[in-house]
Amino acid sequence: MPNNIEQKIRDEARRLLTEKVVDVVVGYEEGTLPLLAAPCFITAPEEVDRLIFDASCKQNLAGYVHALIIEHRKSQARVKPEDKTEKTVAVIARGCTSRSIVIHLQERQYERENVVIIGVPCQGYIDKNKLSDKASGKEILAGKLDGDQVVIETAAGESRFPLEEVLAGSCLTCAWPNPVISDFMAGEEVAPRTTEDEFALVERFAAQDENQRWAYFEAEMNKCMRCYACRNVCPSCYCPTCFADQSQPEWVGAGINPSDNQVFQIMRMFHMAGRCVDCGSCVEVCAEGVDLRTFLKKLDYDDLKLYDHRAGVDLEKPSPLASFREDDPEEFILEP
Amino acid sequence: MKAKLIDKTALAGVVGGLAAKMPVYAPVRDGRRVYFRFLAAEDEACLDYGNSDNAPKNLFFPHTETLMRFTRTARGHELVEDEAANQDQEMVLFGVRPCDVRSFTLLDYVFDQEKYTDPYYVERRKRTVIVALACLQPPASTCFCTSVGGHPAQADGADIMITEVGEQYLVEFLSEKGEKLAEFFGQLPEADAKTLARKEELVENAVAAIKTEIPGAMIKDWLDKNFEHPFWDQIHQSCLGCGTCTYLCPTCHCFDIRDELEGDQGIRLRTWDTCMYALYTQETSGHNPRPSQKQRWRQRLMHKFKYFVDNFREISCVGCGRCVINCPVNIDIRKLVSDIGRLMEAEEESNG
């Protein structure tokens with residue numbers, strides 16, 4: 001049985017496809033593993049019943065929107081101007097997804113008309129590592145959501161616990177669970193989380209001394225196998241050629257070694273300044289469990305504390321790096 | 001072949017004894033995960049694991065490997081002699097699951113053939129003794145070794161096979177290389193006929209416990225004929241183009257070679273490559289024969305279930321399930337292969 005939100009998503013998707021308002025609806029469908037939805041692409045009205053939405057729907061889908069529109073544009077490169085077509089993409093968007101779309105729009109990647117936002121109120125998604133801990137590392141054979149509870153089955157039997165205990169870190173302090181822009185809302189808005197302790201993670205980390213901080217960073221980066229899942233899932237990582245893939249000049253070595261891993265991650269993270277919406281997708285897709293969030297959240301922290309800016313929240317407020325104010329703080333700029 | 005019995009509690013000591021004498025590459029628990037790595041003094045091999053998170057292929061074919069060093073001089077580039085440390089030292093790969101053991105047989109086809117021999121791989125392979133650990137329970141419900149020509153207790157390629165039988169381990173020395181390690185196991189009683197029969201029974205149960213079945217060997221016929229098929233238009237759509245599946249795959253073996261310079265000191269580096277990357281097969285001219293993820297995904301499936309079979313008569317998938325478990329967007333190779341199976345059935349039906 002579809003839940004209320006799912007029913008609304010499906011009805012709206014059916015309408016958009018039937019009336020040919022959009023070419024494709026990007027959403028989530030049931031996956032092949034317990035409590036893990038898969039991104040899906042619906043192009044026919046009769047397929048809309050595949051769409052689902054619950055806490056098993058994880059990654060930010062805005063990257064697909066960008067890829068679909070840009071790919072389509074590229075495919076039109078040799079089409080006569082009068083025959084050119086535009087691609088319109090509908091997307092199931094929670095708060096973070098909509099913020100990524102705002103960033104795309106601010107950065108002039110596509111037009112507002114290219115995207116139809118089916119907004120969903122979001123209660124957060126399941127963090128795979130926390131879920132694995134609940135199963136004591138055993139394989140989860142089956143799992144389901146039961147209201148605000150999660151029920152899993154392992155070889156040791158069934159267990160039940162509150163969803164809250166396995167929600168991703170990003171979701172636990174999320175101030176924008178509802179889309180910041182949308183064309184349709186599939187359900188009642190939910191209350192934002194209290195955000196007093198949003199930066200507790202950053203403050204705890206910053207309170208350590210330099211050596212401790214570096215040791216932690218080093219240990220985390222050493223786990224990286226350079227599969228680039230973090231970069232590839234990130235909606236803000238859309239450069240046609242990533243610096244990590246360039247060979248002339250070669251900005252970063254291709255091998256797995258401590259310094260090249262660190263350089264790759266540091267450079268990627270700095271590109272996220274004022275552009276990271278803390279959706280947690282990079283953390284969720286990482287097969288090695290690298291803690292990227294502690295460092296990305298620091299950028300978010302600086303974005304707020306220094307520039308009073310939150311990434312992708314307001315279409316009229318571009319990131320500090322893309323705008324100029326005479327009174328921008330600059331204490332951190334060191335004299336040579 | 002000798003078959004001996006060892007107490008369960010004694011096996012850890014054997015691993016410790018080996019590690020004191022030579023490098024031992026074994027599963028080690030690290031937080032939530034289990035990785036194959038060289039045992040350090042403080043490490044303890046993890047013997048009650050399902051399967052490791054990384055594939056043990058790293059030992060023979062590491063992600064990053066320096067092939068040679070050179071110096072840039074006024075006269076051109078000069079090779080720097082590498083000190084060949086421990087080049088002939090024996091190593092032990094301990095506790096490998098049968099699917100991963102099978103991956104070495106498949107990798108041998110590529111790296112150790114008459115025409116092309118990869119000295120780096122072959123050299124490490126030659127001096128490594130492989131101690132396998134049979135699966136009496138499938139490590140995960142995503143396991144499907146029996147669908148791709150494997151078996152939860154298959155011993156081909158292993159030098160020693162260890163099978164848990166009740167309160168003891170049955171240790172079978174399968175090769176000369178394996179027998180050379182016998183001294184580390186101490187004086188052990190011979191396994192009696194009853195234990196050997198019990199093992200057979202357990203292995204049969206293990207086979208029955210694998211629930212996932214895919215038409216792994218059947219789809220080649222379809223792949224032969226359907227390079228252009230609408231099927232390929234769908235499967236790659238959600239793919240992020242990351243390297244998770246191929247980097248964790250025990251049989252994926254594509255690599256890239258590049259030179260990296262620091263001042264005048266250079267290294268020639270070999271790193272893993274993956275058909276999932278946009279740079280894969282990108283040519284210097286800018287042309288890419290596999291310009292989108294569609295062609296790259298077709299390459300991945302075709303390589304495993306057709307090209308490798310054409311070349312070496314084996315499927316290049318051992319059914320370990322690592323790509324299934326770790327794909328961030330749940331692209332499930334079991335589903336893709338089964339979908340092709342269903343397409344074949346449908347086509348057969350419509351052809352009468």
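Residues numbered from 1 in each chain as written. Chains lettered and ligands numbered in written order. Predicted model: local features only at pLDDT ≥ 70, side-chain atom pairs only at ≥ 80, totals over all residues. Heavy atoms only, no water.

1. Observations concerning helix α1 (residues 4-18) of chain A
All names here are of chain A. As a reminder of what qualifies: Here a strand is any run of E in DSSP of at least two residues, a helix any run of H or I of at least four, and the numbering for each starts at the N terminus. Expected span of a helix: the number of residues minus one, times 1.5 Å. Think of it in three bands: residues with accessible area under 20% of the maximum for their type are buried, residues over 50% are exposed, and the middle band is partly exposed, with areas taken using a 1.4 Å probe on protein chains only. It only takes one pair of heavy atoms within 4.5 Å for two residues to be counted as in contact. Any pair of N or O atoms that falls within 3.5 Å is considered a polar contact. Within protein, one atom must be able to donate a hydrogen and the other to accept it, and sequence-neighbouring residues count only if both atoms are side-chain atoms.
Taking 1.5 Å per residue as the helical rise, α1 with its 15 residues ought to reach 21 Å, and the 21 Å between its terminal C-alpha atoms agrees with that figure. Turning to α1, its buried residues number three or more, namely I5, E6, I9, R10, E12, A13, L16 and L17. Buried residues in α1 make contact with β1 (24-33), β2 (36-42), β3 (51-52), β4 (89-93), β5 (115-119) and β9 (184-185). With a side-chain oxygen positioned 3.1 Å from the backbone nitrogen of I5, the residue opening α1 is N3. Just downstream of α1 lies K20, where phi reads positive at about 55°.

2. Let's talk about helix α1 (residues 11-21) of chain B
All names here are of chain B. In plain terms, the rule: The directions from the helix axis to the C-beta atoms are what the arc is built from.
Looking at α1, one finds that the buried residues are L11, V14, V15 and L18. Down the axis of α1, the sector holding all buried residues measures 100°, keeping them to one side. Summarising the geometry of α1, the exposed residues directed more than 90 degrees from the buried face are G13 and A20. On its buried face, α1 sits against β1 (2-7), β2 (24-30), β6 (91-96), β8 (160-165), β9 (168-173) and α5 (182-185).

3. Observations concerning the domain arrangement of chain A
Filter applied, for reference: For the domains described, the bounds stem from an automatic or database domain assignment.
Partitioning chain A into structural domains gives domain 1 (4-122 + 173-185), domain 2 (128-166) and domain 3 (200-322). The straight-line distance from the C-alpha centre of domain 2 of chain A to that of domain 3 of chain A is 29 Å.

4. Some details on the interface of chain A and chain B
Spelled out, the test is: By definition, the buried area sums, over both parts, the 1.4 Å-probe accessible area that each loses when the two are put together. The working definition used for a salt bridge is a side-chain nitrogen of Lys or Arg within 4 Å of a carboxyl oxygen of Asp or Glu. Each residue is assigned to one of three groups, with Ala, Val, Leu, Ile, Met, Phe, Trp, Tyr, Cys and Pro labelled nonpolar, Asp, Glu, Lys and Arg labelled charged, and all others, Gly among them, labelled polar.
Opposite the 34 residues of chain A that make contact, chain B presents 34 residues. Buried area between chain A and chain B, summed over both chains or domains, comes out near 2700 Å², and the portion from carbon and sulfur atoms is 52%. Ranking the residues of chain A by area buried against chain B places T32(A), L33(A) and E139(A) at the top, with a combined share of 17%. With a closest N to O distance of 2.8 Å, D133(A) and R32(B) form a salt bridge. Inspection of the region where chain A meets chain B yields 18 residue pairs in polar contact (both at pLDDT 80 or more). Mapped by element, the contributors of at least two residues to the side of chain A that touches chain B are β1, β2, α4 (128-134) and α8 (229-233) of chain A. Here the side of chain A that touches chain B is built from residues that sort into 17 nonpolar, 9 polar and 8 charged.

5. A closer look at the domain arrangement of chain B
Residues and elements named next belong to chain B. Along its sequence, chain B is carved into domain 1 (2-209) and domain 2 (220-350). Opposite the 38 residues of domain 1 that make contact, domain 2 presents 39 residues. Carbon and sulfur atoms make up 60% of the surface buried where domain 1 meets domain 2, a total of about 3500 Å² over both sides. Two residues, R322 and D100, come together in a salt bridge whose shortest N-O distance is 2.8 Å. For the pair domain 1 and domain 2, the interface holds 20 residue pairs in polar contact (both at pLDDT 80 or more). Going through the elements one at a time, β4 (64-73) and α2 (98-111) are the ones with two or more residues in the side of domain 1 that touches domain 2.

6. Focus on the packing of α2(B) against helix α3 (residues 119-126) of chain B
Two quantities define a packed helix pair, namely the angle between the helix axes and the distance between the axes. Residues and elements named next belong to chain B. We apply this condition: For every element, the axis is a line fit to its C-alpha atoms; helices are fit only across the contacting stretch, and the angle between N-to-C directions ranges from 0 to 180 degrees. By definition in this entry, angles of less than 35 degrees are roughly parallel, angles greater than 145 are roughly antiparallel, angles of 65 to 115 are roughly perpendicular, and the rest are oblique. We call a crossing left-handed when the near helix sits turned anticlockwise from the far one by less than a right angle, and right-handed when that turn is clockwise.
In contact at an axis separation of 10 Å, α2 and α3 are set at 140° when each is read in the N-to-C sense. By the angle between their directions, the pair α2 and α3 is classed as oblique. The chirality of how α2 crosses α3 is left-handed. Facing F104, T105, L107, D108 and F111 of α2, the residues of α3 in contact are Y121, V122 and R125. A per-class count over the contact of α2 with α3 returns 5 nonpolar, 1 polar and 2 charged.

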